[in-house]
Amino acid sequence: MKVPRCSADDPIDDIAASLDEAGCVVVTDALKSETRSDFIGELDPYLQAAYVDTTDNPESFYAGHTRRVVGLIARSKAVEQLVLHPTSTGLCDRWLGPGAEFGYQLHVSAAISVGPGAREQILHREEDSFTFFPLPRPKLVLASMWAMADFRADNGGTRLVPGSHRWPADREPTSSEIVQAEMPAGSVLFWAGGTLHGGGENRSEDWRYGAILTYSLGWLRQEENQYLAVPPELSETLSPDLRKIIGHGMYRALGAYDPRLYQEFAGSSGHD
Ligand SMILES: O=C(O)CCC(=O)C(=O)O
């Protein structure tokens, strides 16, 4: 099975149907080039300063020769256009539950630049932390990877196993079932939290640059702790929709706090 391809102009129900069938879908022409340039410019100093492991441990979850910067909400203004992109929220509404009821939240944010010489990443599922549920799990997570540069088979385009979102725990993919997502810059790849995937090997001279944003059900623990990753002084300056999606909205009775605490403790250095 190949990775299905849609355009951002296609009806969202058609994109959702492709995602449901294959467990992954590429959506082309999703990001304006100005937004992409803004994002690249904002993240550049952090990526340049990021640690790059040039030795590589084959057992390590993250491949060497790769730069990774997390905490994108605090580090980029442009990322809001990606996090709240209508295709992302339209698919999350259908996959995880309506956003208006805080059915989902931002789960992970990271800029990932896979360098020449990087090996394949170990295949995994974004939902693997939720071991409580046996495979195939209910829909817990929806993942996206925004192409800041072209994703190709030779530069580490994401490897995926279409259909594996419905597999039981004992089914392993054969090599012919593993495919790569190739997409031009400005596209976005979505995949289900249950779909086996991983970064590809980079056999080229170019860096494969993408931004991963994943979303989880509103009642789950976020993989990236947004309450610590976005300092309260900064979160107050964000748009209401962005604040909600990073987890400041309540999910039924979950997520309560007393906002007066911030005034009571303003300027205080602790209990003394
Ligand atoms: O880099 C990629 O293509 C996939 C990254 C990924 O799956 C991860 O870091 O969890």
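Residues numbered from 1 in each chain as written. Predicted model: local features only at pLDDT ≥ 70, side-chain atom pairs only at ≥ 80, totals over all residues. Heavy atoms only, no water.

1. Examining the overall build of the protein
Scanning the protein from N- to C-terminus turns up nine helices and 10 strands. A compact globule built from 272 residues should have a C-alpha radius of gyration of about 19 Å, and the protein, at 19 Å, falls within 12% of that. Viewed in the frame of its principal axes, the protein has a C-alpha envelope of about 60 × 40 × 40 Å. Sorting the 272 residues of the protein into buried and exposed places 49% on the buried side. By sequence separation, contacts in the protein at least 24 residues apart represent 78% of the contacts at least 6 residues apart. For the protein, the accessible area works out to roughly 13,500 Å², and carbon and sulfur atoms hold 52% of it. For the protein, the centre of its 24 positive side-chain charges and the centre of its 38 negative side-chain charges are spaced 2 Å apart. (Helix = DSSP H or I, 4+ residues; strand = E, 2+ residues; numbered from the N terminus. Rg over C-alpha atoms; globule rule 2.2 N^0.38 Å. Buried < 20%, exposed > 50% of the residue type's maximum accessible area, 1.4 Å probe, protein only. Contact = heavy atoms within 4.5 Å. Areas by Shrake-Rupley, 256 points an atom, 1.4 Å probe, with all protein chains shown as cover. Lys, Arg positive; Asp, Glu negative; His and termini not counted. Charge placed at Lys NZ, Arg CZ, Asp CG, Glu CD.)

2. Notes on the layout of surface pockets
Here the largest pocket defines a volume of roughly 570 Å³. Looking at the largest pocket, it is lined by 35 residues, and the ones nearest its centre are F61, Y62, R68, I112 and Q121. Looking at the lining of the largest pocket, the elements with two or more residues in it are β3 (66–70), β4 (104–114), β9 (197–198) and β10 (208–217). When residues in the lining of the largest pocket are grouped by element, the largest group, five residues, is from β4. Classifying every residue of the lining of the largest pocket gives 14 nonpolar, 12 polar and nine charged. Counted as a void, the second largest pocket has a volume near 360 Å³. Lining the second largest pocket are 16 residues; nearest its centre among them are P232, S235, H248, Y257 and Y262. At the level of elements, α6 (226–229), α7 (232–235), α8 (240–248) and α9 (260–264) are the ones that each hand at least two residues to the lining of the second largest pocket. (1 Å grid on protein atoms, 1.4 Å probe; cavity = no way out; pocket = protein on both sides within 12 Å on 5 of 7 lines; lining within 4 Å. Points joined across faces, edges and corners; volume = space filled by probe spheres on them. Nonpolar A, V, L, I, M, F, W, Y, C, P; charged D, E, K, R; others polar.)

3. Describing the environment of G186
Looking at the element boundaries, G186 is found in the loop between β7 (179–180) and β8 (188–192). For G186, a relative accessible area of 4% corresponds to the buried category. Each C-alpha atom of the pair G186 and H197 lies 21 Å from the other, and the pair is 11 residues apart in sequence.

4. Examining the side chain of S109
Its place among the elements puts S109 in strand β4. The class for S109 is buried, based on a relative accessible area of 1%. A polar contact is formed between the side chain of S109 and the backbone nitrogen of L72, at a distance of 3.0 Å. A distance of 2.8 Å separates the side chain of S109 from the side chain of E224, its partner in a polar contact. Residues in contact with S109, not counting those within four places in the same chain, are V69, V70, G71, L72, I73, I212, L213, E224 and Q226. (Polar contact = N/O pair within 3.5 Å; in protein donor to acceptor, adjacent residues only side chain to side chain.)

5. Brief notes about the site of the ligand
Taken together, the residues surrounding the ligand are Y62, R68, I112, Q121, H124, E126, M145, T158, H197, G199 and R208. The contact in question runs from an oxygen atom of the ligand to an N or O atom on the side chain of R68, over 3.0 Å. One of the side-chain N or O atoms of T158 is found 2.6 Å from an oxygen atom in the ligand. Compared with its free state, where it exposes 290 Å², the ligand has 96% of that area covered by protein. Here the ligand is seated within the largest pocket. A per-class count over the shell around the ligand returns three nonpolar, five polar and three charged. (Near = heavy atom within 4 Å. Sits in = over half its atoms within 2 Å of the grid points.)

6. Regarding the sheet that holds strand β5 (residues 141–147)
Consider a sheet: its strands pair through backbone hydrogen bonds, and that pairing is either parallel or antiparallel. Judged by pairing direction, the sheet is mixed, and its seven strands sit side by side in the order β1-β2-β8-β5-β10-β4-β3 without closing on themselves. Sheet topology places β1 (5–7) and β3 at the edges, where each strand pairs with a single neighbour. Neighbouring strand axes in the sheet, compared pairwise and without regard to direction, differ in orientation by 25° on average. (Pairing = 2+ DSSP bridges. Axes fitted to C-alpha atoms, helices over the stretch in contact; angles between N-to-C directions.)

7. Structural notes on the environment of S239
Mapped onto the secondary structure, S239 falls in the loop between α7 and α8. Among the residues examined, S239 registers a relative accessible area of 24% and is labelled partly exposed. Between the alpha carbons of S239 and K139 there is a distance of 28 Å; along the sequence they are 100 residues apart.

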